[in-house]
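The primary structure of each chain is shown beneath.
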Amino acid sequence: MAAAEALLNVRNLKKYFPIRGGIFQRKIGEVRAVDDISFSIRKGETMGLVGESGCGKSTAGRTILRLYEPTAGEIEFDGVNLTELSPEEMRKKRRDLQMVFQDPFASLNPRKTVGQIVEEPLIVHGIGTPKERKERVRELLQVVGLDTYHAERYPHQFSGGQRQRVGIARALAVHPRLIIADEPVSALDVSIQSQVINLMEDLQEQFGLTYLFIAHDLSVVRHISDRVGVMYLGRLVELADSDELYDEPLHPYTKALLSAVPIPEPDAKRERIILSGDLPSPTDPPAGCAFHTRCPEAMDICREVRPSFQDQGGGHFVACHLMTK
Amino acid sequence: MTTKPLLEISQLQMHFFTDKGVVRAVDGIDLTVNEGEVVGLVGESGCGKSVTSLSIMGLVPSPPGKIVGGSIKFAGRELTTMSKKELRKIRGNEISMIFQEPMTSLNPVFTIGNQMVEAIRLHTDMSKKEAQERARDMLNKVGIARADILTAYPHELSGGMRQRVMIAMAMSLGPRLLIADEPTTALDVTIQAQILDLMRTLNQESQTAILLITHDLGVVAEMCDRVVVMYAGQVVEETDNRSLFRNSHHPYTQGLLKSIPKLSKQRSKRLYSIKGNVPNPRNMPQGCRFAPRCDFAMDICHQKMPDLVEVAPGHQTRCWLHVKGEGEVDLGSSRSTTQCS
């Protein structure tokens, strides 16, 4: 699966969170937030990661940065296995991997000015003299479409869209190569959302960035991504080129998910697949294929054997027994 | 479909009087919901759509909120001058409301059965047993067949289930109008599809009119008969569902439609985006409130507020481009209409 030009290779990544209980706080169970996923991201591309709440897409993003320690698996970034780095080495490595968060209200320190917020990663990584850093902050604010005088202001003086620009400026400060954006536009209104999406695309072109774009909005993900992976209950169920995935989805979950999106077009043909029931609990995922409890096409084998994630040709990966029938 | 008006709001002004000045959250809006109709109220955060719905229910805290003008008529009766007691009879019985976050609208320390029975008995003289029967019927109707649902607590249910419970509770007294404030925004798409499906069925079966407040134009396209678009406390466009998407007249509506990424379309170069930000409600621009962000703004737009004018039967818009003889040019349908595919 590792293409020659891959920047990031994730192999069999797992992240289980222990559930503790009883008087000795012993481990009584675990949440399988990310349960054996593998994918790679090529240099300069945008990979989208979609799925419903609780499917593990955000955990996957954070585990790649080792903000959560992975339970198992390998994360290879530009030839270096991140899981083998010491905490100090990893800290230095994060110059290359930055993150943009969903909530622009919660991810900016309200007691610091925007200038201090954007400067902080430069201080942490020991880049430049104070004067050079101030200059760099001014430059960054302009790059993301803010004015230099905004450096003196506090986050509460900004609108949601402007705060997200500050978050992006902070991520860009250390010249990263990969940016993991976790729901960067879902807290924003439609008209502001398109401004931020356009900005991210411009920056990608300008600085040759690679994005892992995590979102639940399927239309936004299609717009920005070159390739898209679909997650369900901690597992990747399908991964393909963006157009191929949306035009010819193979996995029953992807089909249902796409058919559920309301289309802003009154005369559009709608053949909706309504899934019954709710997401099973990740503490006790169903045996076999995790989706079999809600799948309209489930067979006997789906209840017993977990389907493998296989290439169906042209880099279109699917984990479904219907494909191997 | 009958065209008898059920809810008529005219020139409603709901202002908030704060220490820092007056916020004109709702500034002279007109809105009609006919019997059995689904009307969408669309706009971005802060445009006044939720305040409008809370005003109908008489739920805006006062002070700071105050209705300074206009009227809200429900089935011929004026709600703004009604006493609290009379209003309480209408709320729940004839108009009910569901909110965005079902967890915050359900009491966490009472069971579902407890809460539903309380609401039903408050408005009827049913016995406890009859009320429980009714609650179970309603829960069945919204697709919750679990036998133990009446003794379950809200935290035991998923988001979609909770929203179903809210709908069952809202529908249990057979209201004539259901106000749904962003009912699916907190839910995942597959659950959203279930809830929208349920609301559509309820509308068709019991002829309950729905005022659907949302920011999602996809939901509007699927659900609504008519649509009202709000911007900065005012109605800027009102029309039927199809012409909103095919033939919108106001530059704000057009901008909104163009800025949504399309699921069905291959990756396009760039998204359209409306420049700038929503104006500060304490400091509204003089003239048209959208003028500072509008691509077509003319001199007059910055000076005088346009009125809501009819551009076609049942289609109104608030824009100088569509006022004949006023704007320098009347662009009619050539430049200002967008085709949305």
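Residues numbered from 1 in each chain as written. Chains lettered and ligands numbered in written order. Predicted model: local features only at pLDDT ≥ 70, side-chain atom pairs only at ≥ 80, totals over all residues. Heavy atoms only, no water.

Overview of the overall build of chain A
- Along chain A, the regular secondary structure elements total nine helices and twelve strands.
- For chain A, whose C-alpha radius of gyration is 21 Å, the value lies close to the compact-globule estimate of 20 Å for 325 residues.
- Considering only contacts in chain A between residues 6 or more positions apart, those separated by 24 or more positions represent 64%.
- Accessible surface computed for chain A: about 13900 Å², of which carbon and sulfur atoms make up 48%. (Helix = DSSP H or I, 4+ residues; strand = E, 2+ residues; numbered from the N terminus. Rg over C-alpha atoms; globule rule 2.2 N^0.38 Å. Contact = heavy atoms within 4.5 Å. Areas by Shrake-Rupley, 256 points an atom, 1.4 Å probe, with all protein chains shown as cover.)

Some points on the domain arrangement of chain B
Residues and elements named next belong to chain B.
- For chain B, the assigned domains read domain 1 (5–230) and domain 2 (250–338).
- On a C-alpha basis, the centres of domain 1 and domain 2 stand 30 Å from each other.
- At the junction of the two partners, domain 1 supplies twelve residues and domain 2 supplies eleven residues.
- Together, E44, L217 and V229 form the three largest contributors to the area buried by domain 1 at its contact with domain 2, with a combined 44%.
- The interface formed by domain 1 and domain 2 contains one salt bridge.
- A salt bridge links D27 to R289, with the nearest nitrogen and oxygen atoms 2.7 Å apart.
- At the junction of domain 1 with domain 2, the criterion picks out two residue pairs in polar contact (both at pLDDT 80 or more).
- Mapped onto the side of domain 1 that touches domain 2, the elements with two or more residues apiece are β2 (21–34) and β9 (226–231). (Domains from an automatic or database assignment. Buried area = accessible area lost by both parts, 1.4 Å probe. Salt bridge = Lys/Arg side-chain N within 4 Å of Asp/Glu carboxyl O. Polar contact = N/O pair within 3.5 Å; in protein donor to acceptor, adjacent residues only side chain to side chain.)

Looking at the side chain of H315 of chain B
All names here are of chain B.
- With respect to the secondary-structure elements, H315 resides in strand β12 (residues 315–317).
- A relative accessible area of 4% means that H315 is categorised as buried.
- Sequence-distant contacts of H315, defined by excluding residues within four places in its chain, comprise E237, E238, T239, S243, N247, H249, V309 and E310. (Buried < 20%, exposed > 50% of the residue type's maximum accessible area, 1.4 Å probe, protein only.)

Things to note about the sheet that holds strand β5 (residues 80–81) of chain A
Residues and elements named next belong to chain A.
- One open sheet accounts for four strands, arranged β2-β1-β4-β5; its pairing is antiparallel. The outermost strands of the open sheet, each flanked by one partner alone, are β2 (26–42) and β5.
- Examined bridge by bridge, strand β4 (residues 72–77) and β5 share two bridges and lie antiparallel to one another. Considered in β5, the bridge of E76 is made with N81.
- Here helix α1 (residues 57–64) sits on the sheet in contact with β1 (6–21), β2 and β4, set at roughly 110 degrees to β1. (Pairing = 2+ DSSP bridges. Axes fitted to C-alpha atoms, helices over the stretch in contact; angles between N-to-C directions.)

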